[in-house]
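# Descriptive analysis of the structure
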Amino acid sequence: HLTRSLRRRWGSSNQLDVLVKLGGSALTNKASFETLHADNLRDCCENIAQSGKRVAVVHGAGSFGHFQAREHAVSKGSGDPKFSWRGFGLTRSSVCKLNGLVVDGLLAAGVAAVGVSPCDAFGATRGRGVVPRAARRRGVARVRELLGTGCVPAIHGDACIDEIQGASILSGDTLMTLLAEELRPKLVVFITDVPGVFDRPPDEPGATLVPRISVGAGRGPKIATSTALHDVTGGVAAKLESAIAIARAGTPVVVVEAGTAHARAALRGEVPDVCTLVERASSS
Ligand SMILES: Nc1ncnc2c1ncn2[C@@H]1O[C@H](COP(=O)(O)OP(=O)(O)OP(=O)(O)O)[C@@H](O)[C@H]1O
Ligand SMILES: C=C(C)CCOP(=O)(O)O
């Protein structure tokens, strides 16, 4: 009964201001096993605390989780010769470790953060990146329940039991698409370690920031991407797909760099001067 009234309270009057993904590239040194980028984490947490906005947090795995998932073929499922359930457990243990650090960072900044693990809160996936309706309903209800109390849910990319392939990886980017659809925030923010989406990998000579992507207005800019070797969820290309799906449904998305005034502005619900803004073309 209490749960129902909390959910109603959230649903009726409280639109979420910002749904943010703290990218693994921002929170960790992605090339180095289980290495936290403590300054970026602190900065993100303080900015969330000081934003004065209603925020829900998703975070990726970075160098927590991707290494184990790659070594034990967790995203490929239990039929893969390299897969083991111990590897599944190691992957979950690693992402939950990072979730603990993110929750602790938010708490230290004064935010009433509560960690949410999709493997438990949502339940089984049905193939890579597919969350069946019942699991979606369950997970979203849990998130709404927390928002209804005034807590800030901190949800992480996770290894999940999978109805088709035994096990799978549910990425933070997929969770962002799903939660944006359900919670209808005013702004969606992806924080990474680079100023936004570039026309080619940012470490390539001549790479240029793409300031705006208009979804539904012709073909859009040509974007080439690269992905870290151990990344099992598709890197920035997958993020761009999520951002485009979210923008197509009507919510503007910004991709912005951690530790900058631009990330701070985005967490206040503003479109920063330096970022990539993905939004629906006005005619579509
Ligand atoms: N065209 C591009 N534009 C922007 N970044 C790119 C591009 N190509 C490659 N990258 C790389 O993608 C990285 C960001 O994508 P990544 O998937 O690592 O993000 P993340 O969400 O922070 O990570 P995680 O999945 O661990 O949460 C950056 O570190 C950047 O170097
Ligand atoms: C368990 C893992 C590797 C979660 C992956 O989530 P992502 O870093 O958001 O792609």
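Everything here concerns the structure above.
Reference entry: report on the structure contained in this document. (Residues numbered from 1 in each chain as written. Chains lettered and ligands numbered in written order. Predicted model: local features only at pLDDT ≥ 70, side-chain atom pairs only at ≥ 80, totals over all residues. Heavy atoms only, no water.)

A few words now on helix H5 (residues 85-108). The first and last C-alpha atoms of H5 sit 34 Å apart over 24 residues, in line with the 34 Å expected at 1.5 Å per residue. Buried residues of H5: Gly87, Phe88, Thr91, Arg92, Ser94, Val95, Leu98, Asn99, Val102, Val103 and Leu106, and no others. Positive backbone phi, at 100°, marks glycine 110, one or two positions downstream of H5. (Helix = DSSP H or I, 4+ residues; strand = E, 2+ residues; numbered from the N terminus. Expected span 1.5 Å × (residues − 1). Buried < 20%, exposed > 50% of the residue type's maximum accessible area, 1.4 Å probe, protein only.)

Okay, the sheet that holds strand S4 (residues 152-156) next. What the eight strands build is an open sheet, ordered S3-S4-S2-S1-S7-S9-S10-S8; its pairing is mixed. The open sheet has two edge strands with one neighbour each: strand S3 (113-116) and strand S8 (212-215). For this sheet, the mean angle separating the axes of adjacent strands, direction not counted, is 20°. Here strand S7 (residues 187-192) runs beside strand S9 (residues 253-257); their pairing, made up of five bridges, is parallel. Bridge pairing in S9 links phenylalanine 190 to valine 255. (Pairing = 2+ DSSP bridges. Axes fitted to C-alpha atoms, helices over the stretch in contact; angles between N-to-C directions.)

Taken together, 13 residues are adjacent to ligand 2, and Lys21, Ala61, His66, Gly172 and Thr233 come closest. Interatomic distance of 2.9 Å between a side-chain N/O atom of histidine 66 and an oxygen atom of ligand 2. With respect to ligand 2, the backbone of glycine 172 contributes an N or O atom lying 2.8 Å from an oxygen atom. Protein contact buries 98% of the 320 Å² of open area that ligand 2 shows by itself. The cavity where ligand 2 resides is the largest pocket. (Near = heavy atom within 4 Å. Polar contact = N/O pair within 3.5 Å; in protein donor to acceptor, adjacent residues only side chain to side chain. Areas by Shrake-Rupley, 256 points an atom, 1.4 Å probe, with all protein chains shown as cover. 1 Å grid on protein atoms, 1.4 Å probe; cavity = no way out; pocket = protein on both sides within 12 Å on 5 of 7 lines; lining within 4 Å. Sits in = over half its atoms within 2 Å of the grid points.)

Below, the discussion takes up the nonpolar core. In this structure, Leu19, Leu179, Val188, Phe190 and Val253 are the most contacted members of the largest nonpolar core, which totals 36 residues. Within the residue set of this core, elements represented by two or more residues are strand S2 (55-59), helix H6 (118-121), helix H7 (133-149), helix H8 (172-183), S7, S8, helix H9 (235-248) and S9. A per-element tally of this core places H8 first, with six residues. Excluding residues that lie within four positions of it along the chain, leucine 19 makes contacts with Ala56, Val58, Met176, Leu179, Ala180, Pro185, Leu187, Val188 and Val189. Counting 31 residues, the second largest nonpolar core, distinct from the first, contains Cys44, Val55, Ala113 and Val254. (Core = buried A, V, L, I, M, F, W, Y, C linked by side-chain atoms within 4.5 Å. Contact = heavy atoms within 4.5 Å.)

So, on to the layout of surface pockets. Taken as a whole, the largest pocket holds about 790 Å³ of empty space. Every element with two or more residues in the lining of the largest pocket is listed here: helix H2 (24-27), helix H4 (66-71), H5, strand S5 (158-162), strand S6 (166-170), H8 and H9. By residue number, the principal contributor to the lining of the largest pocket is H9, which donates three residues. Of the residues assigned to the lining of the largest pocket, the class counts are 18 nonpolar, 19 polar and nine charged. Looking at the second largest pocket, its volume works out to about 180 Å³. Looking at the lining of the second largest pocket residue by residue, the class counts come to nine nonpolar, four polar and two charged. (Points joined across faces, edges and corners; volume = space filled by probe spheres on them. Nonpolar A, V, L, I, M, F, W, Y, C, P; charged D, E, K, R; others polar.)

Attention now moves to the packing of aromatic side chains. A complete count under the given rule lists three aromatic pairs for this structure. Ring centres 4.9 Å apart and planes at 85° place the aromatic pair phenylalanine 83 and tryptophan 85 in the edge-to-face group. A relative accessible area of 10% places phenylalanine 83 in the buried class. Among the residues examined, tryptophan 85 registers a relative accessible area of 44% and is labelled partly exposed. Plain terms: the ring middles of tryptophan 85 and phenylalanine 88 are 5.0 Å apart, the flat faces sit at 70° to each other, and that makes the pair edge-to-face. With tryptophan 85 and phenylalanine 88 both in helix H5, this residue pair falls three residues apart, about one helical turn. For phenylalanine 88, a relative accessible area of 8% gives the class buried. Three or more aromatic residues joined by ring pairs make a cluster, and in this case those are Phe83, Trp85 and Phe88. (Phe/Tyr/Trp six-rings, centres within 6.5 Å; stacked < 30°, edge-to-face > 60°.)

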